[in-house]
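Each chain is listed here by its residues.
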Amino acid sequence: MLPAGRPVRIVLADDHTLFRQGIAEILAVAGGFEVVGEAHRGDETCRVTAEARPDVVLLDVEMPGPGVREVLARLVRMTPRPQVVVLTVHDDIALARELLGLGAGAYLVKGSTRQELLSAIRSVTVERRSGHVVLSLSQQSLVSGPRPLEVLSVREREVLALAGQALSNSQIARRLAIAEGTVKRHLRNIYGKLGAVSRMDAVNKALAASLIVPPPAGEDGPSGGRISDV
């Protein structure tokens, strides 16, 4: 519970400046909230949060730098621990379960209303020790649930999509601003989740399940050849 009369201190983490500005305006009009920092990358989110010590971080799922799971893991280990409200375009029950399980206090799609956002922020600050979470998804997403193979995280899909363009591990690492060892770990996780035996097998299974989109016709990637298993 926050001290009486003190505004909720918030860090906005999203790589779209206009979106951050829009959220800041909503919070200013509502009153009782103070934006104490902004970030447009995953690593910057962790740095700004450590410096600003907010009550709440509004976290986008897809930003440059470390993936959302790594950023979330860092945030929940901080002292004092901020509450994390995930704001995303992904109307995905599987992703919501994953991030809530990793410590997020709320998961909202970006189509949520202004009131739903404000209510989520207030809920996670008031009930931060209750173990309750806030979930806002479409009815269709909740009814249909995840597809059988829809078990890949956002970062894993990014890695596999780039692998499908015949990029090497080092090229994928540079594109996503992560370590090459992290790329290899993601690929191992992908193989296990999809029951794949190679990079090509994983890409084909993901394409068949519409987990990634195929590269433009005729594009073989920087290597100019087939997808390798390097």
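Residues numbered from 1 in each chain as written. Predicted model: local features only at pLDDT ≥ 70, side-chain atom pairs only at ≥ 80, totals over all residues. Heavy atoms only, no water.

Colleague: Hey, could you run me through the pattern of salt bridges in this one?
Modeller: Where charged atoms from two side chains of opposite charge come close, those side chains can pair. Applying the stated criterion across every chain, the model contains 13 salt bridges. Residue Lys110 pairs with Asp14 through a salt bridge whose shortest N-O separation is 2.8 Å. Here Asp14 lies in the loop between β1 (8-13) and α1 (17-30) and Lys110 lies in the loop between β5 (106-109) and α5 (114-126), a separation of 96 residues in the sequence. A relative accessible area of 27% places Lys110 in the partly exposed class. Looking at Asp14, the relative accessible area reads 3%, which means it is buried. The salt bridge involving Glu156 is made with Lys193; its shortest N-O contact spans 2.9 Å. (Salt bridge = Lys/Arg side-chain N within 4 Å of Asp/Glu carboxyl O. Helix = DSSP H or I, 4+ residues; strand = E, 2+ residues; numbered from the N terminus. Buried < 20%, exposed > 50% of the residue type's maximum accessible area, 1.4 Å probe, protein only.)

Colleague: Help me understand helix α3 (residues 68-76) in this model?
Modeller: Owing to its 3.6 residues per turn, the α-helix aligns residues three or four sequence positions apart on the same side. Taken residue by residue, α3 has Val68, Val71, Leu72, Leu75 and Val76 as its buried positions. Down the axis of α3, the sector holding all buried residues measures 125°, keeping them to one side. On its buried side, α3 packs onto α2 (42-52), β3 (56-60), β4 (83-88) and α4 (93-101). (Arc of directions from axis to C-beta. Contact = heavy atoms within 4.5 Å.)

Colleague: What's the story with the sheet that holds β3 in this structure? I'm lost.
Modeller: Strand pairs in the sheet, formed through backbone hydrogen bonds, run parallel or antiparallel to each other. On the basis of which strands lie adjacent, the open sheet formed by 6 strands has the order β2-β1-β3-β4-β5-β6 and parallel pairing. Both edges of this open sheet fall to β2 (33-39) and β6 (134-136), since each of them pairs with a single strand only. Averaged over all adjacent pairs, the angle separating strand axes in this sheet is 20°, with direction ignored. Relative to β4, β3 runs parallel, the two sharing 5 bridges. Counted as the bridge partner of Val57 is Val84 from β4. Sitting on the sheet, α2 touches β1, β2 and β3, and the angle it makes with β2 is about 140°. (Pairing = 2+ DSSP bridges. Axes fitted to C-alpha atoms, helices over the stretch in contact; angles between N-to-C directions.)

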